[in-house]
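# Tertiary structure, described
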Amino acid sequence: MSLRNFPFGGENCNPLKASGLFGRKKDRLWLPVSSYLIEFPARKVLFDCGWNREMSPKGTFDKKAQIKSLGGYFLYKTNQGLLPQGEAIDEQLRSLGVKPSDLDFVLLSHLDCDHANGLKLVDEARRILVSNEELRFATNKTLVNKIRYNPRWWSDTKIEGFDWNGAEGPAKQSYDVFGDGSLRMINIPGHSPGLCALKIVNAEGQFVLLFSDGGYAKKSWKEQITSGIADDRAAQKKSLLWIREQCLAPNCVESLANHDPDAIPHVIEL
Ligand SMILES: [Zn+2]
């Protein structure tokens, strides 16, 4: 849950308005939270983790549990999660016959609560990666970040930071996960400095782009609508332009925003 201004606030929205702290109930907007399982012939990769079951132990809305899981009242006011039974990441994987220990990699687009809060549910994956830039940002001690991030979501996991090893994307910073070009984390700063989109590329050069919170829906890149909260709005606009260019490329098979209100779970074959 967030307020309308958060995803689609645009340039003239102030952060307080976008945060929803003093917003009205009728302006609330429920958005989906997505995770993606990517299956290669010999590897399984998960991109983002969604909410932890502890947010919603019985599958119903639980204010006390949410404040505890998020680690503070401010985060609860700006992000409320509803997690019906069967929809936590480990539960969804189980329904597909996949155990967390079957995952070769868990990749995190960034460390905001709706992407990293569920990480401990898949801690048995072989490796967990996030950009070092995001890790540094999320653990710096500015007041905003102390409120925004809670290291408890990822501490005590085997999380590793990676340094950029490529120059793709709007910030010319990317990371080739396997070293063969088939899976690339591409820095799309703005929402946070270390935010990454994931590009999955087949042998013919066709690709799927998962652009996480680089935009909140198709209309974000189509109409270049920035979100209400941005760490760096100029960078966010530049990233949105790059996302648009990618989405319109003839070899782009599909592109998805993590919280697109129109998102329906489905399988893409590449
Ligand atoms: Zn998000």
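Residues numbered from 1 in each chain as written. Predicted model: local features only at pLDDT ≥ 70, side-chain atom pairs only at ≥ 80, totals over all residues.

## Brief notes about the overall build of the chain
- Across its full length, the chain holds 10 helices and 12 strands.
- At 17 Å, the chain has a C-alpha radius of gyration in line with the 18 Å of a compact globule built from 270 residues.
- For the chain, the spread of C-alpha atoms along the three principal axes comes to 50 × 40 × 35 Å.
- Of all 270 residues assigned to the chain, the portion counted as buried reaches 46%.
- Contacts in the chain between residues at least 24 apart in sequence constitute 61% of all its contacts with a sequence separation of at least 6. (Helix = DSSP H or I, 4+ residues; strand = E, 2+ residues; numbered from the N terminus. Rg over C-alpha atoms; globule rule 2.2 N^0.38 Å. Buried ≥ 20, exposed ≤ 12 C-beta atoms within 10 Å, placed from the backbone. Contact = placed C-beta atoms within 7 Å.)

## Focus: the environment of Val144
- Counting through the fold element by element, Val144 comes out in helix α8 (residues 143-148).
- You can call Val144 exposed: it has 11 C-beta atoms within 10 Å.
- The sequence separation of Val144 and Pro57 amounts to 87 residues, and the corresponding C-alpha distance is 28 Å.

## Let's talk about the domain arrangement of the chain
- Once the domains are mapped, the chain shows domain 1 (32-163) and domain 2 (164-262).
- Using only C-alpha atoms to locate each centre, domain 1 and domain 2 end up separated by 20 Å.
- Contacts between the two partners involve 18 residues from domain 1 and, on the opposite side, 19 residues from domain 2.
- Within the residue set of the side of domain 1 that touches domain 2, elements represented by two or more residues are β3 (36-39), β4 (44-47), β5 (105-107) and α7 (132-138).
- Considering only residue class, the side of domain 1 that touches domain 2 consists of 10 nonpolar, four polar and four charged. (Domains from an automatic or database assignment. Nonpolar A, V, L, I, M, F, W, Y, C, P; charged D, E, K, R; others polar.)

## Considerations on the sheet that holds strand β10 (residues 196-201)
- Strand order in the open sheet made by the five strands is β8-β9-β10-β11-β12, with mixed pairing throughout. Two strands close off the open sheet at either side, each with one partner strand: β8 (174-176) and β12 (252-256). Going from strand to strand, the sheet's axes swing by 15° on average, the running direction of each strand aside.
- The pairing of strand β11 (residues 207-210) with β12 spans four bridges and is parallel. By the bridge assignment, Leu209 is partnered in β12 with Ser255. (Pairing = 2+ DSSP bridges. Axes fitted to C-alpha atoms, helices over the stretch in contact; angles between N-to-C directions.)

## Remarks on the environment of Lys172
- Relative to the elements of secondary structure, Lys172 occurs in the loop between β7 (159-162) and β8.
- When the 11 C-beta atoms within 10 Å are taken as the criterion, Lys172 is described as exposed.
- Taking the C-alpha atoms as reference points, Lys172 and Asn187, separated by 15 residues in sequence, lie 7.6 Å from one another.

## So, the nonpolar core
- Among the nonpolar cores identified, the biggest contains 59 residues, and Val106, Leu107, Ala116, Val122, Ile188, Ala197 and Leu198 are the most heavily contacted of them.
- Top contributing element to this core by residue count: β10, with four residues.
- A domain-level breakdown of this core finds at least three residues from each of domain 1 (32-163) and domain 2 (164-262).
- Setting aside its immediate chain neighbours within four residues, Ala116 contacts Cys49, Leu108, Leu111, Trp153 and Trp154. (Core = buried A, V, L, I, M, F, W, Y, C linked by C-beta atoms within 7 Å.)

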